[in-house]
Amino acid sequence: MSKSNMSKNLALVSVLLLALSACATIKKAVHKVGEATGDKDLQKAESKLSPSQQYYFGRTLAANFFSTSPYVSDKAVSEYVNLVGQYLAHHVDAGKGGAGPFKGFHFAVIKNPTPMAMSAPGGFVFVSTGMIEQLQSEDQLAGVLAHEIGHVMHEHGLDEIENEAIRKGIVKAGAKLAELAGADDAEDVGKVEAFSKVVDSGVGLFASQPHSRKHEIASDKFSVRLLARAGYNPAEYAELMATVTSGGFATKHPPGEDRLEAVNQTMVKLKYKDTRAARKTRFAAFKSAVARVAGTGVRAPAAAN
Amino acid sequence: MTANNNIVWLALKSIATVAAVITFFAIAAHANGPVIGLERAKVWAKPQVLAKTVGEVKYGTKIKVLETKNGWVRIETASAPKVSGWVMKNAIESRAEFAKAIGSGEALDSSYGSQDVAAAGKGWDPNVEKSHRQGNPKLDYASVDAMEAINYGPDDFTPAGRAPASAFQKTGKLSSKIYGAVK
């Protein structure tokens with residue numbers, strides 16, 4: 001090898017080595033926040049949708065839910081469910097993602113006779129008129145909302161799209177739509193329609209897929225702790241789960257004994273006061289308002305006992 | 001050109017290349033520093049929800065991380081207007097995530113190919129939503145907007161806050177870890 005070639009190779013090697021070490025620096029920089037806070041989720045966050053992307057994705061999911069289960073716009077209903085939900089959300093510990101989603105949490109009652117509660121990434125939480133009909137107290141409503149807050153904070157919805165290709169498909173479809181925004185010739189409009197179908201398939205996947213047992217239990221424990229932090233009685237949530245488990249009423253995705261056991265075990269370790277009676281009147285007013293808008297003859301809870 | 005001149009020239013070229021590479025990666029590394037990841041992040045004087053807030057920092061603002069404590073992060077904005085104080089840790093995201101969200105070419109994401117990075121950069125923003133809405137008139141975005149219009153911040157639930165949230169804790173006798181006990 002000539003002196004000149006050796007120099008060239010040495011230069012190349014030094015550049016490559018520097019480039020490699022610089023790559024490591026970049027990767028480190030990308031994870032800087034996660035490292036600084038010691039937060040593992042934050043460290044791997046770059047592979048997930050960012051908070052703003054989750055928010056816009058969640059908006060589309062919400063718009064989709066509302067097209068089949070209408071949003072209940074009655075002021076008494078929408079105000080109350082948000083007072084309970086947003087009051088709870090402010091009690092999420094800072095160490096567990098306290099600042100919440102991109103624009104905070106928002107709650108909606110949907111007109112649907114099936115008892116169900118759902119959440120979408122970006123802080124959108126839904127509870128059906130059918131579910132409210134079955135609830136006996138504000139504490140039970142708070143338990144259901146806290147459970148959904150748990151799913152959003154833990155990003156269970158995103159985690160449960162196990163097929164990476166589907167997620168990439170959704171992201172790509174979104175990108176293509178953006179690229180074609182404003183396109184007005186027939187061919188491009190056709191492309192937008194085609195990509196919208198891909199997006200819809202992702203929406204359908206989110207709406208129909210139940211959460212895994214592991215995620216349900218994690219959200220149950222989260223819910224019980226959040227209830228106690230906020231001043232609610234977690235025993236009401238345990239009672240609701242026991243009713244559902246014993247076949248008291250049918251839900252879309254019923255819990256099992258394992259979830260009830262996890263709730264009871266978590267509850268034993270918590271301190272809370274029983275002030276349920278103070279919330280009976282306002283919950284009864286809420287149920288009456290829901291009954292009015294749903295037209296289902298929702299019954300008010302039994303008298304205080 | 002003599003052999004010695006050749007070596008000197010190569011050495012200078014190598015140094016220039018190395019310097020260029022260092023500069024490039026230094027810029028790239030800086031571009032991946034932390035930013036605010038929420039639409040508006042509250043900044044508190046102390047790491048407590050009901051502590052005095054010293055301001056709000058908008059989405060995408062570059063910040064410096066100074067200290068961390070129990071899920072809280074003490075930050076200061078990298079440039080004017082200067083804001084410094086505590087934010088919750090999930091109010092922060094990496095510059096790479098931000099770049100991906102707004103469609104900047106600065107994104108570097110090892111989990112996606114380059115096409116995916118470019119795609120992700122343009123994904124799920126107001127423009128995508130606009131196109132999607134045009135193609136799907138049955139989707140009820142108006143109700144999503146109505147749902148989002150109801151907002152009660154942490155301060156609204158204090159007795160000095162905004163009705164009806166200001167009375168919510170007291171009338172419900174909710175003894176709270178944040179808002180205190182109710183007799």
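The structure this text deals with has already been given above.
A brief structural summary. Note that the structure is predicted; figures quoted are calculated from it, not measured.

### What about the overall build of chain B?
Next up, step 1: A tally of helices and strands in chain B yields six helices and seven strands.
Next up, step 2: Along chain B, helices (α) and strands (β) appear in the sequence α-β-β-β-β-β-β-β-α-α-α-α-α when read from the amino end.
Next up, step 3: For chain B, the residues scored as buried account for 47% of the 183 residues in total.

### Let's talk about the side chain of Ser119 of chain A
Residues and elements named next belong to chain A.
Next up, step 1: Counting through the fold element by element, Ser119 comes out in strand β2 (residues 117-120).
Next up, step 2: Classification of Ser119 as buried rests on a relative accessible area of 16%.
Next up, step 3: There is a polar contact of 2.9 Å between the side chain of Ser119 and the side chain of Glu148.
Next up, step 4: Residues in contact with Ser119, not counting those within four places in the same chain, are Phe124, Val125, Phe126, Glu148, His151 and Val152.

### Description of the packing of aromatic side chains
Next up, step 1: This model, assessed by the stated rule, comprises 18 aromatic pairs over all chains.
Next up, step 2: Between Tyr55 of chain A and Phe124 of chain A, the aromatic rings sit 5.9 Å apart at their centres with planes inclined by 25 degrees, giving stacked as the arrangement. With Tyr55 of chain A in helix α4 (residues 51-68) and Phe124 of chain A in strand β3 (residues 124-128), the pair connects residues that are 69 residues apart, well separated along the chain. Each member of the pair, Tyr55 of chain A as well as Phe124 of chain A, is classed as buried.
Next up, step 3: Aromatic side chains Phe65 of chain A and Phe126 of chain A sit 4.8 Å apart centroid to centroid with 85 degrees between the ring planes, which places their arrangement in the edge-to-face category. Of this pair, Phe65 of chain A sits in helix α4 while Phe126 of chain A sits in strand β3, and the two are 61 residues apart along the sequence.
Next up, step 4: A residue is classified by how much of its surface remains accessible, and Phe65 of chain A, at 8% relative accessible area, is buried.
Next up, step 5: Feature note: the residues Tyr87 and Tyr232 of chain A together with Tyr152, Phe157, Phe168 and Tyr179 of chain B constitute an aromatic cluster, connected by ring pairs.

### Observations concerning the pairing of β2 of chain A
Residue and element names in this part refer to chain A.
Next up, step 1: Bridge analysis of β2 against β3 gives four bridges, and the strand direction is antiparallel. Across the sheet, residue Ala117 finds its bridge partner in β3, namely Val127.
Next up, step 2: Taken together, β2 and the strand that follows it, β3, pair antiparallel across an intervening segment of three residues, in which Gly122 is found at a positive phi of about 90 degrees.

### Quick look at the side chain of Asn233 of chain A
All names here are of chain A.
Next up, step 1: In this fold, Asn233 is placed in the loop between α11 (213-230) and α12 (234-245).
Next up, step 2: Given a relative accessible area of 2%, Asn233 falls into the buried group.
Next up, step 3: Ignoring sequence-local partners within four residues, the contact set of Asn233 consists of Asp139, Tyr272, Asp274, Arg276 and Arg279.

### Some words on helix α14 (residues 280-294) of chain A
Residues and elements named next belong to chain A.
Next up, step 1: Here α14 spans 21 Å end to end across 15 residues, near enough to the 21 Å set by a 1.5 Å rise per residue.
Next up, step 2: Here α14 has its buried residues at Arg282, Phe283, Phe286, Lys287, Ala289, Val290, Ala291 and Ala294.
Next up, step 3: In the segment just after α14, Gly295 is the residue with positive phi, at about 65 degrees.

### Considering unusual backbone geometry
All names here are of chain B.
Next up, step 1: Cis rather than trans, the peptide bond between Ala80 and Pro81 has omega equal to -5 degrees.
Next up, step 2: Tracing the backbone through its elements, the reader meets Pro81 in the loop between β5 (72-77) and β6 (84-88).
Next up, step 3: In this structure, Pro164 follows Ala163 across a cis peptide bond, with omega equal to 0 degrees.
Next up, step 4: Position of Pro164 among the secondary structure elements: in the loop between α5 (141-148) and α6 (165-171).
Next up, step 5: Even without a glycine there, the phi angle at Asn70 is positive, about 45 degrees.
Next up, step 6: Position of Asn70 relative to the elements: it lies in the loop between β4 (63-69) and β5.
Next up, step 7: Unusually for a residue other than glycine, Lys173 sits at a positive phi of about 45 degrees.

About the cut-offs
Residues numbered from 1 in each chain as written. Chains lettered and ligands numbered in written order. Predicted model: local features only at pLDDT ≥ 70, side-chain atom pairs only at ≥ 80, totals over all residues. Heavy atoms only, no water. Helix = DSSP H or I, 4+ residues; strand = E, 2+ residues; numbered from the N terminus. Buried < 20%, exposed > 50% of the residue type's maximum accessible area, 1.4 Å probe, protein only. Polar contact = N/O pair within 3.5 Å; in protein donor to acceptor, adjacent residues only side chain to side chain. Contact = heavy atoms within 4.5 Å. Phe/Tyr/Trp six-rings, centres within 6.5 Å; stacked < 30°, edge-to-face > 60°. Pairing = 2+ DSSP bridges. Expected span 1.5 Å × (residues − 1).

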